[in-house]
Amino acid sequence: MRKTTKRTTRKVSRTTKRSPAKRKPAKRTTSKKGAFGGYKINFNGCNHSLEKVFGARPLAPSAMTKKLWIYVKRYKLAHQ
């Protein structure tokens, strides 16, 4: 014969459902600075080759950026 066990039921506390929190619309911020940190770069009239700017060896993109900014500042091509 099977033993019957007494089942206990848990009392579930019922809470009132909350309405979902209202989200504030995200504010769009307009950047005052443009591309390149607000600098305007003009390469017109430059006749240097890419080897002169970057060198003959392959470079990582970060190193290319650094060398490009060195070139821009040396020849005063950037204006704010």
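Everything that follows concerns the structure shown earlier in this document.
Below you will find a few notes about this structure. These numbers were taken from a predicted model, which means no experiment stands behind them.

### Some words on the overall build of the protein chain
Thinking step 1. Scanning the protein chain from N- to C-terminus turns up 2 helices and 2 strands.
Thinking step 2. The 80 residues of the protein chain split such that 6% are buried.
Thinking step 3. Taking the contacts inside the protein chain whose residues are at least 6 apart along the sequence as the reference set, 68% of them involve residues at least 24 apart.
Thinking step 4. As presented, the protein chain carries roughly 9200 Å² of accessible surface, and 53% of it is formed by carbon and sulfur atoms.

### Things to note about the packing of aromatic side chains
Thinking step 1. The full count for this structure, using the stated rule, is 1 aromatic pair.
Thinking step 2. When the centroid spacing of 4.9 Å and the interplanar angle of 50 degrees are considered together, the rings of Y71 and Y75 count as tilted.
Thinking step 3. Judged by relative accessible area, Y75 falls into the partly exposed class, the value being 33%.

### Quick notes on the nonpolar core
Thinking step 1. If you look at the biggest cluster of nonpolar residues, it comprises 5 residues: V53, F54, Y71, V72 and L77.
Thinking step 2. Setting aside its immediate chain neighbours within four residues, L77 contacts K40, I41, N42, F43, C46, Y71 and V72.

About the cut-offs
- Residues numbered from 1 in each chain as written.
- Predicted model: local features only at pLDDT ≥ 70, side-chain atom pairs only at ≥ 80, totals over all residues.
- Heavy atoms only, no water.
- Helix = DSSP H or I, 4+ residues; strand = E, 2+ residues; numbered from the N terminus.
- Buried < 20%, exposed > 50% of the residue type's maximum accessible area, 1.4 Å probe, protein only.
- Contact = heavy atoms within 4.5 Å.
- Areas by Shrake-Rupley, 256 points an atom, 1.4 Å probe, with all protein chains shown as cover.
- Phe/Tyr/Trp six-rings, centres within 6.5 Å; stacked < 30°, edge-to-face > 60°.
- Core = buried A, V, L, I, M, F, W, Y, C linked by side-chain atoms within 4.5 Å.

So far we have only geometry, and geometry alone does not tell us how the molecule works.
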